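# Understanding the architecture of this molecule
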Amino acid sequence: GGAGPCVLHELQIGRLQIRGECVMGGYHRNPKANAECMAGGGWLDSGDLGFMHRGRLALTGRAKEVVIVRGANFYCYELEDAAGDVAGVATARVAATSVRDETGGTEALLLFFVPRDQRAVTHLHADGLLIDSLRRLVIAVRSHVAAAFGLLPRYAVPVSEEGFFRTTSGKIRRAAFKRAFLDGEYDPALASLDLALHTSERGAPDFFAIPTWLPRPTTL
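In this report, the structure presented in the accompanying data block is examined. Note that the coordinates shown come from a computational prediction; the quantities given were computed from them, not determined experimentally.

Let's shift gears to the pairing of strand β8 (residues 106-115). Judged by how many residues are buried, β8 sits mostly within the fold: nine of 10 residues are covered. In the sheet, strand β7 (residues 89-101) pairs with β8 via nine bridges, with the strands oriented antiparallel. The partner of V89 across the bridge, within β8, is P115.

Let us now look at the sheet that holds strand β9 (residues 155-158). Adjacent strands of a sheet pair through backbone hydrogen bonds, lying either parallel or antiparallel. The strand order across the open sheet built from three strands is β7-β8-β9, with neighbouring strands paired in mixed fashion. The sheet terminates laterally at β7 and β9, the two strands that pair on one side only. Within this sheet the neighbouring strands show an average axis-to-axis angle of 25 degrees, counted without direction. Along the sheet, helix α2 (residues 76-84) contacts β7 and β8; its crossing angle with β7, the most-contacted strand, is approximately 130 degrees. Each of β7, β8 and β9 is contacted by helix α5 (residues 174-182), which is oriented at about 55 degrees to β7, the strand it contacts most.

A few words on the pattern of salt bridges. In total, this model carries six salt bridges according to the counting rule given. For R93, the salt bridge is made with E161, and the minimal N-O distance between the two is 2.9 Å. Highlighted residues: R93 in strand β7 and E161 in the loop between β9 and α5, separated in sequence by 68 residues. Residues participating in the shared-partner salt-bridge network are D132, R135 and R136.

What follows deals with the nonpolar core. Counting 43 residues, the largest nonpolar core has L111, F112, V141 and Y186 as its most contacted members. By residue number, the principal contributor to this core is β8, which donates seven residues. Not counting chain neighbours up to four residues away, the residues in contact with F112 comprise R93, V94, A95, T97, V157, V159, F164, F177, F181 and Y186.

Quick look at the side chain of R93 now. Within the local environment of R93, its side chain forms a polar contact with the side chain of E161, the two groups lying 2.9 Å apart. Discounting residues that sit within four places of it in the chain, R93 has contacts with F112, F113, V114, E161, F164 and R166.

For the coordinates displayed, the defined rule picks out seven aromatic pairs. Between the aromatic rings of Y75 and Y77, the centroid separation amounts to 5.8 Å while the plane-to-plane angle is 45 degrees, which identifies the pairing as tilted. For Y75, a relative accessible area of 13% translates into the label buried. One aromatic cluster is present, formed by F112, F164, F165, F177 and Y186 through successive ring pairs. The lysine or arginine in question, R154, covers the ring of Y155, its NZ or CZ lying 4.2 Å from the ring centre.

On the secondary structure map, D194 appears in helix α6 (residues 187-197). Within the structure, the side chain of D194 is placed 2.7 Å from the side chain of Y155, a separation counted as a polar contact.

It is at 11 Å that the axes of helix α4 (residues 132-149) and α6 come closest, and there the two elements cross at 80 degrees. Between α4 and α6, the crossing angle belongs to the class labelled roughly perpendicular. Contacts between α4 and α6 involve R135, V138, I139 and R142 from the first element and L193, A196 and L197 from the second. Tallied by class, the residues present in the contact of α4 with α6 amount to five nonpolar, no polar and two charged.

Glancing now at helix α3 (residues 118-127). Among the residues of α3, those classed as buried are A120, V121 and L124. Angular distribution of buried residues about the axis of α3 spans 100 degrees; they occupy a single face of the element. Those residues of α3 that are exposed and aimed more than 90 degrees away from the buried face are R119, T122, A126 and D127. Check the buried side of α3 and you find it contacts β8, α4, β9 and α6. The residue sitting at the N-terminus of α3 and contributing the capping side-chain oxygen is D117; that oxygen lies 3.1 Å from the backbone nitrogen of R119. G128, located one to two residues past α3, shows a positive phi value of around 70 degrees.

Thresholds, definitions, all that
- Residues numbered from 1 in each chain as written.
- Predicted model: local features only at pLDDT ≥ 70, side-chain atom pairs only at ≥ 80, totals over all residues.
- Heavy atoms only, no water.
- Buried < 20%, exposed > 50% of the residue type's maximum accessible area, 1.4 Å probe, protein only.
- Helix = DSSP H or I, 4+ residues; strand = E, 2+ residues; numbered from the N terminus.
- Pairing = 2+ DSSP bridges.
- Axes fitted to C-alpha atoms, helices over the stretch in contact; angles between N-to-C directions.
- Contact = heavy atoms within 4.5 Å.
- Salt bridge = Lys/Arg side-chain N within 4 Å of Asp/Glu carboxyl O.
- Core = buried A, V, L, I, M, F, W, Y, C linked by side-chain atoms within 4.5 Å.
- Polar contact = N/O pair within 3.5 Å; in protein donor to acceptor, adjacent residues only side chain to side chain.
- Phe/Tyr/Trp six-rings, centres within 6.5 Å; stacked < 30°, edge-to-face > 60°.
- Lys NZ or Arg CZ within 6 Å of the ring centre and 35° of its normal.
- Parallel < 35°, antiparallel > 145°, perpendicular 65-115°, else oblique.
- Nonpolar A, V, L, I, M, F, W, Y, C, P; charged D, E, K, R; others polar.
- Arc of directions from axis to C-beta.

Now the structure itself:
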């Protein structure tokens, strides 16, 4: 806002903002970009995170690589590494991002990962069919991340190798996953995950799908 940045105490991680004669005044004819990087009062938000220690600055990462849930910071690469440790998840094929959860009033964690078994992914996205082996893998990913960080992902979405967004240099395009999620590209898969894992009001309890023997009514 116009008041400028709030100075934090030593060893507190915050956003690195700079101001001075050599700092740009904003982007040309790009108000959206200016709103994202100009903090007011001539301060430029660098997009970096860091802390001060004994008069020296230590950078810890990029703000866009952090998920903030209920006021706690979680680094995307740590969440991704944890999910990638689960057997059945392809190496270096996990992306972490978040979306606003209006019900809870905070951010909801989303994970996207590539399973080693690509056939199961095809059935999920094309037919809305969640094969049991993939269902167990999704549960394992969510449980492992929850145990490691105390944060349960709202969704752990299996995607294909071709559907895993990366730059030509190999960097994960987390914003592309978030955009695809908000655009509804994963909606059929999300509905199947909710039904199978009972993670929303759309999910039916088990007793609706369990075969039960009932006595045949006697006729009078």
